[in-house]
Amino acid sequence: MEKYLINPNQKISKISKDIYGHFSEHLGRCIYDGIFVGEDSDIPNVNGMRCDVVNALKEMGIPVLRWPGGCFADEYHWKDGIGPKENRKKMINTHWGGVVEDNSFGTHEYFELCRQLGCDTYINGNVGSGTVEEMSQWVEYMTFDGVSPMAELRAQNGHKEPWTITYFGVGNESWGCGGEMDPEYYGCLFKRYNTYVREYSSDKPIKRIACGPNGSDYHWTKEVMDKVKNKAHGISLHYYTIPTGDWGHKGSATEFDLEEYNSTISKAYRMEELVTNHIKAMDAVKFDHRVKLIVDEWGTWYDVEPGTNPGFLYQQSTMRDAVVAGLTLNIFNKHADKIMMANIAQTVNVLQSVILTEGEKMVLTPTYHVFKMYKDHQENTLVGSYITTKELESKNDNNSKYPQLVESASIDENGVVYSTITNTSASESAEIKCQIADFEVKEIEAEILSGDIHSKNDFENGENVTVKKFTDFTQTADGFTANIPACSVVKFIVR
Ligand code: AHR
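From a predicted model like this one, the values you see are computed outputs, not experimental measurements. (Residues numbered from 1 in each chain as written. Predicted model: local features only at pLDDT ≥ 70, side-chain atom pairs only at ≥ 80, totals over all residues. Heavy atoms only, no water.)

**Section: the layout of surface pockets**
One simple way to see leftover space: roll a probe sized like a water molecule over the atoms. Spelled out, the test is: Of the two site types, the cavity is a set of points on a 1 Å grid over the protein atoms alone where a 1.4 Å probe fits but cannot get out, and the pocket is an open set with protein on both sides within 12 Å along at least five of seven lines, each lined by residues with an atom within 4 Å of a point. Grid points are joined across faces, edges and corners, and a volume is the space filled by probe spheres set on the points. The way it works is that DSSP assigns letters per residue, a run of H or I at least four long becomes a helix, a run of E at least two long becomes a strand, and they are numbered from the N terminus. Each residue receives one of three labels: charged for Asp, Glu, Lys and Arg, nonpolar for Ala, Val, Leu, Ile, Met, Phe, Trp, Tyr, Cys and Pro, and polar for the others, Gly being one of them.
Counted as a void, the largest pocket has a volume near 440 Å³. Residue lining of the largest pocket: 26 residues in total, with N214, Y240, I242, W247 and W301 positioned closest to the centre. Listing elements by their share of the lining of the largest pocket, those giving two or more residues are β11 (234-241) and α7 (258-283). Residue contributions to the lining of the largest pocket peak at three residues, all from β11. Among the residues forming the lining of the largest pocket, the class breakdown is 13 nonpolar, eight polar and five charged. One number sums up the size of the second largest pocket: a volume of about 270 Å³. The wall of the second largest pocket is formed by 17 residues, among which H108, F111, E112, H159 and W163 lie closest to the centre.

Take a look at the structure:
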């Protein structure tokens, strides 16, 4: 029997809702088809946005949406995406499939989407191929409330009122697709571009995000932090889980054996080490203002579904992905004092998406259900918790060890305790005994998402993996005992 201790007296930090954030790039069928179908589409839409997708994302509790990229951001020229649609410039999306980008989804459409979703905004600016002036004018166009050339242009294009930018990213992957820069050089560029990201309204501060490291590149973090210091509010880490560790042959999203399942989980669990060590590297650079970590690209990355455009990164999603999502979100919760935001890649039809679409059809992936289960944690207070657990091992991932159980716990303003537990084992359930310090349990509700490691939802059966009521537990005076099934994500709400 594993011991699980929750201490609501140990209040650690607020869990930012933005840890549950998403990312949508002009890549494959994420924006076009997946979210935006245009006003003239037969698919029910409001101002071009699919109603089914918008409603599902709202129900899931999407708090913030990053746009327009990714690699696309560093070749995006925002002026191509404003004004009458018939006059908008077309371009080739060189990173993603070489398809024609007609710029019919631009700045106005993005803010309309966020309005419909009721979520915060995260715009990623172009440092790789854009100028300081271009970035500066974009921010003026979006946020200036007064008489200025860009504010006037915005009004001419139908939006007199300024919008609010919650987060602004100065470049993306500047170590790679965003310009192949060295960290020292990027750090200097960040300061230059960032100077002209003007804040036009003091009551609407823009949180500035510096391009952070690729995986375990701690040198990048240190050098960029040294330059950027308190000019940035966040520095962004990118880490993808690739089961084989080989970009040439990443592994199938649906056809994998037990060893490949284990290596996926083991590699996903590496997030704990990355987050811990990057925070240490950031803390080592001393100054008077706390820059937080952002993980604005994470998730599983497999070979594309057979027969689909390799540049579109379309992949299916199974219970394996749900386990990755469950354990990763628990890791982020546990570091809530240092992590300001995280954005899974990507919202619809790309990589570990929460939604898949095919024409007018829509499917919610197992990952979607995990985000919806965990939404209770948003803006709660993270509390101290600890669980004993078996260690599992992945042969394919150099015999790396990872825990069978990964958990986190939070409390809301009414004193209700929320606990989410992921059982990463493909075959073994785990008996747990939970005790909550100084707590008299009146009532417990629980939910579960579980299945075989290969279980998935598809267009033939979209309800194969769904959240169910969980009953395999016994309430005790100060907690509960429970049997957590293999390959599952379980949530307890304790009143
Ligand atoms: O999410 C897909 C791509 O992965 C993004 O465009 C890029 O930033 C990263 O390499």
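**Description of the nonpolar core**
As a reminder, the rule being used: The nonpolar core is taken to be a set of buried Ala, Val, Leu, Ile, Met, Phe, Trp, Tyr and Cys residues, with the residues joined through side-chain atoms within 4.5 Å. A 1.4 Å probe rolled over the protein chains alone gives each residue an accessible area, and that area as a share of the maximum for its type sets the label: buried under 20%, exposed over 50%, partly exposed in between. Note that the domain bounds reflect an automated or database-derived domain assignment. Contacts were defined at the residue level, with two residues in contact if any of their heavy atoms lie within 4.5 Å.
Grouped together as the largest cluster of nonpolar side chains are 113 residues, with contacts concentrated most on I123, F168, Y186, M271, L293, W298 and F332. The element that contributes the greatest number of residues to this core is helix α8 (residues 319-334), accounting for nine residues. When residues of this core are sorted by domain, at least three fall in each of domain 1 (3-7 + 383-494) and domain 2 (16-378). Beyond its immediate chain neighbours, meaning those up to four positions away, Y186 contacts V170, S174, M181, A210, C211, W220 and V224. Core analysis: the next-biggest nonpolar cluster, separate from the first, contains 26 residues, I421, V441, I444 and F473 among them.

**Quick word on the domain arrangement of the protein**
Let me state the cut-off plainly: A pairing counts as a salt bridge when a side-chain nitrogen of Lys or Arg comes within 4 Å of a carboxyl oxygen of Asp or Glu. Polar contacts here mean pairs of N or O atoms no more than 3.5 Å apart (in protein, one a potential hydrogen donor and the other a potential acceptor; neighbouring residues in sequence count only if both atoms are side-chain atoms).
The domain architecture assigned to the protein consists of domain 1 (3-7 + 383-494) and domain 2 (16-378). Contacts between domain 1 and domain 2 engage 45 residues on the former and 41 residues on the latter. At the surface where domain 1 touches domain 2, the tally comes to five salt bridges. In this assembly, domain 1 and domain 2 are joined by 27 residue pairs in polar contact (both at pLDDT 80 or more). Elements with a contribution of two residues or more to the side of domain 1 that touches domain 2: β17 (391-394), β18 (400-403), β19 (405-411), β20 (417-423), β22 (444-450) and β26 (488-494). Among the residues making up the side of domain 1 that touches domain 2, the classes are represented as 17 nonpolar, 19 polar and nine charged.

**Description of the site of the ligand**
Note the cut-off: Only heavy atoms are used to decide nearness, and a residue is near a molecule or strand if one of them lies within 4 Å of it. Cavity and pocket membership follows a simple rule, namely that a molecule belongs there if more than half of its atoms are within 2 Å of the grid points.
Not every one of the 13 residues close to the ligand is listed here, only the nearest: E25, C71, E173, Y240 and E297. Within the side chain of E297, an N or O atom sits 2.7 Å from an oxygen atom of the ligand. Comparing atom positions with the cavity grids shows the ligand to sit within the largest pocket. Taken together, the residues of the shell around the ligand break down into seven nonpolar, three polar and three charged.

**Examining the packing of aromatic side chains**
Spelled out, the test is: Only the six-membered ring of Trp is used, alongside the rings of Phe and Tyr, when aromatic pairs are assigned; centres must lie within 6.5 Å, and planes under 30 degrees apart are stacked while those over 60 apart are edge-to-face, with the rest tilted. We count a charge as sitting over a ring when the NZ of a lysine or the CZ of an arginine lies within 6 Å of the ring centre and within 35 degrees of the ring normal.
Enumeration according to the criterion identifies 26 aromatic pairs in this entry. Plain terms: the ring middles of F144 and Y200 are 4.9 Å apart, the flat faces sit at 75° to each other, and that makes the pair edge-to-face. Highlighted residues: F144 in the loop between α3 (132-143) and α4 (149-156) and Y200 in the loop between α5 (183-195) and β10 (207-214), separated in sequence by 56 residues. Ring-pair connections join several aromatic residues into one group, and the members of that group are Y32, F36, W67, F72, Y76, W78, F105, Y110, F111, W138, Y141 and W163. Stacked on the ring of Y314, the Lys or Arg R29 has its end atom at 5.2 Å from the ring centre. Stacked on the ring of F23, the Lys or Arg R66 has its end atom at 4.5 Å from the ring centre.

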